[in-house]
Amino acid sequence: MKERNNIEETLQDMMNSSAKERENIISVFQSIQETFGYIPEKAVNLVSIRLSVPASRLFSIITFFPQFHLKPTGENIITVCRGAACHVKGSERLLNRILIELGIPPSEDTTEDFKFTVEKVNCVGACSMSPVVLINNEVCGKMTFNTLKKKIGKIRSGE
Amino acid sequence: MNKRIEIKVCTGIGGVAAGGEEVFSAFRDALSSAGIEAAYGERCSAHRVGCKGFCARDVLVDIVINGDKTTYQYVKPEMVDRIIREHIVDGNPVADWVVGDDYEQYYEKQQRVVLSGCGEADPEDIDIYLKNGGFDALRKALVEIAPEEIIATVKNSYLRGRGGAGFPAGLKWERSFRIKSDVKYVVCNGDEGDPGTFKDRALMEGEPYAIIEGMIICAKAVGSHSGYIYSRGAYTSSVRHLQTAIDKCYKKGLLGRDILGAGFDFDLRLFKSAGAFVCGEATALLHTIEGKRGMPTPKFWSAAEKGLWDMPTVVNNVETFASIPGIILKGASWYKNLGIENNGGTKVFALTGKVKNTGLIEVRFGTSLREIIFDIGGGIEGGRRFKAIHIGGPSGGCMSEESLDIEIDYEQIASAGAIMGSGGLIVLDENDCIVNTAKFFLEFTQAESCGKCTPCRVGTKRMLEIMERITAGEGREGDIELLEELGHYIKATSLCGLGMTAPNPVLSTIRYFRHEYEAHVQGKKCPAAVCKSLITFTILEDICKGCGSCKRVCPADAIRGIRKIPHRIDPGLCIKCGSCFEVCKFKAILKA
């Protein structure tokens with residue numbers, strides 16, 4: 001993740017390299033999020049000026065899509081699949097237990113030390129391997145709470 | 001020694017989840033090790049291939065020696081050495097790990113048409129696709145036949161939209177064709193976002209060239225020169241494979257100006273969406289490409305007439321486009337005869353849930369649900385009893401045992417209260433609670449409702465509240481009837497397909513499993529022992545050995561007892577997490 005004071009510079013570069021068409025709004029925000037891990041408010045204002053689109057409209061787009069975050073996310077992202085097959089095989093319990101294990105309070109998704117963010121996804125498409133958890137985009141199938149706890153421990157201890 | 005050896009490792013999404021990448025690197029490393037490299041050199045190669053279908057057996061590996069195929073199942077990296085040593089070097093397949101007869105049975109009742117190339121070849125390699133007759137259909141469409149004839153062929157093939165609604169593809173194309181406009185668009189809808197479906201993703205990853213070929217043919221037919229493939233940015237491997245495929249097509253002159261020297265231009269771009277279920281709806285999808293919120297708008301015109309930036313736009317599903325090359329090449333009647341009246345061809349499904357053989361399947365129209373579940377799916381896991389099959393994801397519905405003889409056919413499924421949807425088949429067994437499953441789907445559609453129209457925004461919320469009440473044991477007299485009434489209103493008055501189908505899971509389960517709802521509402525019991533508030537955990541004292549494992553796992557410290565003496569659960573402290581139930585080796589914990 002880039003340092004905060006770099007936001008503006010990085011954004012300028014990014015905006016220069018992507019075409020200034022309105023149809024690119026979503027891809028612009030996608031690359032912003034890829035770089036910073038979330039979409040800083042500064043970035044929204046900058047895009048608004050560059051594309052001459054009101055910031056309110058941009059916020060309406062950002063908040064519409066669950067993929068976008070307006071708050072900083074943790075270093076590691078744990079995504080629990082909440083697809084039907086995973087649901088049937090107990091993903092809801094898995095999700096609750098991870099949240100308890102990581103000490104993430106209700107209505108939050110990130111640990112206090114910004115080490116972990118826990119997200120839900122509707123379906124990753126590995127239904128035959130359910131329940132599925134993505135750890136930093138790596139697909140892990142047939143997940144149990146104990147395996148997951150071990151994996152989290154490994155990340156914690158810096159492996 | 002001039003054996004030609006190909007090793008094909010499944011790296012479809014199921015394969016990757018089972019460790020396909022590690023298996024692939026193990027093969028690659030082993031092949032590049034000194035001895036093998038020297039003996040076989042270039043004649044032995046390892047490839048990543050797309051989803052092979054039988055995901056329950058992943059990682060699947062095919063070893064093809066001079067065209068002779070042997071398939072291994074459940075391959076782990078540590079098994080690679082022995083396979084190479086015994087099979088590739090000595091020529092004796094490792095019998096213990098080779099698939100059995102049931103592997104053949106899985107494919108017996110299937111007809112792989114759209115999936116024919118999926119899992120057989122490296123999906124990123126355009127040369128293999130070309131060698132296997134790829135883009136021949138495009139050549140035919142560009143050079144030999146007129147647009148009218150392409151449309152007539154697609155119409156006569158009875159290919160219907162594979163995104164769920166089943167609108168005849170040929171009719172859609174014809175509408176767009178009839179409009180005089182310099183700018184027209186072709187859009188491939190790959191925004192598969194339903195829980196429990198992955199067939200579009202498997203196709204985008206496994207057969208990107210077939211999709212592109214189908215799109216160019218469509219563009220030629222309707223007279224469009226610009227197109228988009230709409231996929232979710234979060235599906236990294238679909239996006240990567242599609243982008244590679246598009247780039248390679250441009251390099252080979254299969255996209256861009258003057259395709260195949262036939263004087264036809266077509267530009268194709270990949271649009272990476274940010275993921276919202278409602279964007280699978282055509283108008284919402286098109287607004288997203290325009291850089292707006294993905295909200296649907298009333299359909300005064302069909303998208304084929306007035307779509308992207310108000311220009312005629314053909315929006316078809318991934319599977320629809322992938323079916324096109326075969327139809328053009330082999331003819332309308334071939335495709336039509338694969339299916340039944342009004343439903344041509346084959347349909348791809350993601351078969352998941354409690355069946356033994358989960359995976360990606362492709363069957364002819366007219367195959368019965370029974371055949372799918374028991375012949376292809378191999379029946380229910382662990383010998384439990386079949387309870388229901390859910391078709392079509394959150395927009396679809398559940399069917400019970402008595403409707404198992406329904407055939408795969410848009411009309412038959414609709415009259416049973418479900419929809420074909422995008423092709424998710426989720427099998428539920430006696431351990432699944434129907435009410436809870438319906439609530440799960442409703443939770444999904446309620447959360448994904450874009451909030452534009454009142455019936456969907458407020459209606460699904462109210463329905464969900466009632467469902468929550470019922471599963472919490474607080475169901476009231478008349479709740480079931482209220483759900484039915486609300487459901488019918490929402491279906492009748494919502495703006496887009498999301499709202500119109502959102503009540504289906506609830507309505508269909510009430511239709512087939514009313515007794516389970518009644519058990520929840522009146523008896524305050526969950527027959528499948530799933531709904532937390534309606535179950536209690538107790539220790540059967542005559543079975544309990546007092547080993548203490550349950551005590552150790554209980555997160556609420558609700559279990560007390562002295563070693564070697566039966567333990568007890570304090571119902572006041574129990575949070576009903578079920579940890580003790582899972583950990584008990586003696587089956588001494590009763591869930592009821």
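Note that the structure is predicted; figures quoted are calculated from it, not measured.

Explain the sheet that holds strand S9 (residues 346-353) of chain B to me, using residue names and the numbers behind them.
Strands belonging to one sheet form pairs held by backbone hydrogen bonds; the direction of such a pair is parallel or antiparallel. Residue and element names in this part refer to chain B. Taken in spatial order, the five strands of this open sheet run S10-S9-S13-S11-S12, and their pairing is mixed. Each edge of the sheet is formed by a strand with only one pairing partner; in this case those strands are strand S10 (359-364) and strand S12 (397-400). Across the sheet, the mean angle separating the axes of adjacent strands is 30° when strand polarity is ignored. Two elements, S9 and S10, share six bridges in a ladder whose sense is antiparallel. The residue bridging Lys347 from the neighbouring strand is Val363, located in S10.

Before we move on, could you go through the environment of Ala30 of chain B and cite the residues and values that matter?
Residues and elements named next belong to chain B. Along the polypeptide, Ala30 turns up in helix H2 (residues 20-32). Of the residues examined, Ala30 reaches a relative accessible area of 13% and is grouped as buried. When the C-alpha positions of Ala30 and Ile212 are compared, they lie 35 Å apart, and in sequence the two are 182 residues distant. Aside from chain neighbours lying at most four places away, what touches Ala30 is Ile36, Val80, Asp81 and Ile84.

Report on helix H9 (residues 169-178) of chain B, specifying residues and quantitative values.
All names here are of chain B. What H9 keeps buried is the set Ala169, Gly170, Trp173, Glu174 and Ser176. Around the axis of H9, the buried residues are gathered within 165° of arc, so they sit on the same side. Considering only its buried residues, H9 is in contact with helix H8 (147-156), helix H11 (208-222), strand S8 (313-317) and helix H14 (318-330).

An account of the confidence of the model for chain B is needed here, citing residue identities and associated values.
Confidence along chain B averages 90 in pLDDT terms, with 99% of residues attaining 70 or more. Interface confidence for the predicted complex, expressed as ipTM, amounts to 0.81; the pTM equals 0.88.

Could you give me a rundown of the side chain of Thr367 of chain B, with the residues and numbers involved?
Take Thr367 of chain B: it is sitting in the loop between S10 and helix H16 (369-376). A distance of 2.7 Å separates the side chain of Thr367 of chain B from the backbone oxygen of Arg364 of chain B, its partner in a polar contact.

So what about the packing of aromatic side chains? Which residues, and what values?
As enumerated under the stated definition, the model contains 19 aromatic pairs over all chains in all. An angle of 15° between the planes, with centres 5.7 Å apart, marks the rings of Phe54 of chain B and Tyr103 of chain B as stacked. Placement of Phe54 of chain B in the loop between strand S2 (44-49) and strand S3 (61-65) and of Tyr103 of chain B in helix H5 (residues 101-108) is noted, with a sequence separation of 49 residues between them. Using a relative accessible area of 6% as the deciding quantity, one classes Tyr103 of chain B as buried. In textbook terms, an aromatic cluster arises when at least three aromatic residues are bridged by ring pairs, as seen for Phe29, Phe64, Phe65 and Phe68 of chain A. Above the plane of the ring of Trp97 of chain B lies Arg82 of chain B, whose end atom (NZ or CZ) is 4.7 Å from the centre. Looking at Lys347 of chain B, its charged tip hangs above the ring of Phe349 of chain B, at a distance of 5.3 Å from the centre.

Scoring rules and cut-offs
Residues numbered from 1 in each chain as written. Chains lettered and ligands numbered in written order. Predicted model: local features only at pLDDT ≥ 70, side-chain atom pairs only at ≥ 80, totals over all residues. Heavy atoms only, no water. Pairing = 2+ DSSP bridges. Helix = DSSP H or I, 4+ residues; strand = E, 2+ residues; numbered from the N terminus. Axes fitted to C-alpha atoms, helices over the stretch in contact; angles between N-to-C directions. Buried < 20%, exposed > 50% of the residue type's maximum accessible area, 1.4 Å probe, protein only. Contact = heavy atoms within 4.5 Å. Arc of directions from axis to C-beta. pLDDT = per-residue confidence, 0-100. Polar contact = N/O pair within 3.5 Å; in protein donor to acceptor, adjacent residues only side chain to side chain. Phe/Tyr/Trp six-rings, centres within 6.5 Å; stacked < 30°, edge-to-face > 60°. Lys NZ or Arg CZ within 6 Å of the ring centre and 35° of its normal.

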